[in-house]
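Structural characterization, general
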Amino acid sequence: MNLFSFQYTAFPSTVFFGENSFHEVFKLLAQYKKAFVIAANRQADYVKSLQDTLGADRIYHFNQVVQHVPADLIKAARQKQLDEQSDVLIGIGGGSAIGLAKALALESRHTIIAVPTTYAGSEMTNIWGITTPEGKTTGRDMAVLPKYVIYDPAMTAGMPVKLAATSAMNAMAHLMEAVYGHDTNPISYNNSLDGIKKLREGMERIATKDKLSTEANQLLQYGSFLAGKGLCEVSMSLHHKLAHVLGGTFGLDHASVHTVLQAYVLEYQWNALTADVQSDFKKSLDHNYPPTALLQLAKSMKAPASLQEIGFKESDIEKTIDIVLSKPYANPRPLVKEDLIRMLRAAYDGKLLHDQ
Ligand code: NAD
């Protein structure tokens, strides 16, 4: 990466951060006739507060949310969207609720207001994903980039520790790859290093207190915002390709897959990274060998640290790598089948090859 010669695209979202920022939604809705709100029943109180304030006839609550946005759910939601004659979309939830809002925006071109309740980062990207019986397809379209994003700490504060830990690790994966992605740039690079530091500090607090404290949640929410930006601004590499295959082909939980892969993929990349990048990772993770730091972070939060633990079968290692290698893409270290198999076996066993 060259500080004085680069390409950078800024993506236009307005972000509201802080306590009670959910109330911004009331103001934003003044410019629309009827909102189609996608939110699981867990967030029903927030939807009710919108209905109570703005009138039930201006807020339609669609409460079906399914991970990976299945096509038949989109069809049902799209029909409701048309029946209700809504003119704006609100996604309150994790990547799945916001993902459904994006799938609907692809066709309706309606503005999305995103209120994330996890650290997955979808709210900051123009990336959509839809699952059909043939598998998951993803793409980019500016119509799915949420125009307004509300980071209210109350929305993530109630996450169980296990979800907070794996979701924060999911965010960490975006940041790691935004640092070493082939098309990174100084803005995304430095923001991502800052995000890594914030996430590390937040996760260390989870580990010491065994709970998601207010402070930890603030650090993680800010880190997840930078992670979503990084995911949108820089092309992802091996980690995301692998996570996509493990989640899509073998049905493993999205955030748990990211959590486990982290340390092993960084170890795979390590010697291919420049001395500057290695040094920056060491500083932001406060460890001389960052793959070990990532593994320790996962373990210290009692998050999964091996593929075995999350239900992956050893016999599927080679098949996974064959799918990963079926389409070429940029990666810091060349993708060599035997080396990738060694890496995935280490991830399966939960032991780094060069733990330090
Ligand atoms: P998710 O939205 O499926 O949520 C995971 C689980 O946590 C669900 O059971 C949900 O009901 C629950 N949950 C959500 N918020 C909660 C809260 N505050 N408290 C308690 N439980 C809560 O999962 P996710 O990890 O947020 O998102 C994963 C999905 O998002 C995947 O499909 C992934 O592909 C997609 N994603 C897309 C992008 C993008 O840019 N398009 C980015 C990241 C993730």
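Chains are numbered independently. Their residues run from 1 in the order of the written sequence. This being a predicted model, a pLDDT of at least 70 is required before a residue's local features are given, and a value of 80 or more before pairs of side-chain atoms are given or counted; all residues contribute to the totals for chains, interfaces and linings. Water and hydrogen atoms were dropped before computing side-chain values, which therefore reflect all heavy atoms in the structure.

1. Concerning the domain arrangement of the protein chain
One frequently used descriptor of interface size is the decrease in accessible area upon assembly of the parts. In plain terms, the rule: The split of the chain into domains comes from an automatic or database domain assignment. We call two residues in contact when some of their heavy atoms are within 4.5 Å. Summed over both partners, the accessible surface that disappears when two parts come together, traced with a 1.4 Å probe, is what is meant by buried area.
According to the domain assignment, the protein chain contains domain 1 (14-157) and domain 2 (161-349). Taking the mean C-alpha position of each, domain 1 and domain 2 sit 26 Å from one another. The partner domain 2 presents 21 residues to the 20 residues of domain 1 that form the contact. Of the roughly 1800 Å² buried between domain 1 and domain 2 on both sides combined, carbon and sulfur atoms contribute 59%.

2. Here's the deal with the layout of surface pockets
Heads up, the condition is: Any residue with an atom within 4 Å of a point lines the site, the site being either a cavity, points on a 1 Å grid over the protein atoms alone where a 1.4 Å probe fits but cannot get out, or a pocket, an open set with protein on both sides within 12 Å along at least 5 of 7 lines. Grid points are joined across faces, edges and corners, and a volume is the space filled by probe spheres set on the points. For the purposes of this entry, the term helix denotes a DSSP run of H or I that reaches at least four residues, the term strand denotes a run of E that reaches at least two, and both are numbered from the N terminus. By the convention adopted, Pro, Cys, Tyr, Trp, Phe, Met, Ile, Leu, Val and Ala count as nonpolar, Lys, Arg, Asp and Glu as charged, and the other residues, Gly among them, as polar.
In this structure, the second largest pocket occupies an estimated 300 Å³ of space. As for the second largest pocket, its lining consists of 14 residues, of which M1, V179, Y189, T274 and V277 are closest to the centre. Only α6 (161-180) and α11 (275-285) provide two or more residues apiece to the lining of the second largest pocket. Sort the elements by how many residues they give to the lining of the second largest pocket and α11 lands first, with three residues. Looking at the lining of the second largest pocket residue by residue, the classes come out as eight nonpolar, four polar and two charged.

3. A closer look at the pattern of salt bridges
Pairing of side chains with opposite charge becomes possible as their charged atoms draw close. Let me state the cut-off plainly: Criterion for a salt bridge: a side-chain nitrogen of Lys or Arg within 4 Å of a carboxyl oxygen of Asp or Glu.
Using the criterion set out here, one finds 16 salt bridges in the structure. Note that E24 is salt-bridged to K27, the shortest N-O span being 3.3 Å. With a gap of three residues between them, E24 and K27 both fall in helix α1 (residues 24-28), about one helical turn apart. Bridged by salt links that share partners, the residues E318, D322 and K337 form one connected network.

4. Re the pairing of strand β7 (residues 135-140)
Remember that side chains alternate between the two faces of the sheet whenever the strand is regular. Rules: Here, strands pair whenever DSSP counts at least two bridges between them.
Note that strand β6 (residues 127-132) and β7 share six bridges and pair antiparallel. Along β7, the bridge assignment pairs I130 with T137. As consecutive antiparallel partners, β6 and β7 are separated by two residues.

5. Describing α11
Put simply, the rule is: Exposed residues in this analysis have more than 50% of their type's maximum accessible area, buried residues have under 20%, and partly exposed residues fall in between, with area computed by a 1.4 Å probe over protein chains only. This arc is taken over the directions from the axis of the helix to the C-beta atoms.
Within the span of α11, buried status applies to V277, Q278, D280, F281, S284 and L285. Seen along its axis, α11 keeps its buried residues to an arc of 165 degrees; they face one direction. Summarising the geometry of α11, the exposed residues directed more than 90 degrees from the buried face are A275, D276 and K283. Next to the buried residues of α11 lie α6, α7 (186-209), α10 (254-269) and α12 (290-300). Just downstream of α11 lies D286, where phi reads positive at about 55 degrees.

6. Brief notes about the site of the ligand
So the rule is basically this: We call a residue near a molecule or strand as soon as one heavy atom of that residue lies within 4 Å of the molecule or strand. By the criterion applied in these results, polar contacts are pairs of N or O atoms within 3.5 Å in which, for protein atoms, one can donate a hydrogen and the other can accept it, and in which residues neighboring in sequence qualify only through two side-chain atoms. In this description, accessible areas are obtained by the Shrake-Rupley approach with a 1.4 Å probe, and a residue is regarded as covered only by the protein chains that are shown.
In the vicinity of the ligand, 20 residues are found, and the nearest of them are R42, S96, T117, T118 and T125. Note that an oxygen atom of the ligand is positioned 2.7 Å from one of the side-chain N or O atoms of T118. Note that a nitrogen atom of the ligand is positioned 3.5 Å from one of the side-chain N or O atoms of S122. Coverage of the ligand by the protein amounts to 81% of the 860 Å² it exposes when considered alone.

7. Examining the packing of aromatic side chains
Two aromatic rings are characterised by how far apart their centres lie and by the angle between their planes. Going by this rule: Working definition: rings of Phe, Tyr and Trp (its six-membered ring) pair if their centres are within 6.5 Å, and the pair is stacked with planes under 30 degrees apart, edge-to-face with planes over 60 apart, and tilted otherwise.
The final tally for this structure, using the stated rule, is 12 aromatic pairs. Between Y180 and F281, the aromatic rings sit 6.4 Å apart at their centres with planes inclined by 85 degrees, giving edge-to-face as the arrangement. Of the two residues, Y180 sits in helix α6 while F281 sits in helix α11, which places them 101 residues apart along the sequence. No difference in accessibility class separates Y180 from F281, as the two residues are buried. Geometrically, the ring pair formed by F250 and F312 is edge-to-face, given 5.5 Å between the ring centres and 85 degrees between the ring planes. Of this pair, F250 sits in helix α9 (residues 238-250) while F312 sits in the loop between α12 and α13 (317-325), placing them 62 residues apart in sequence.

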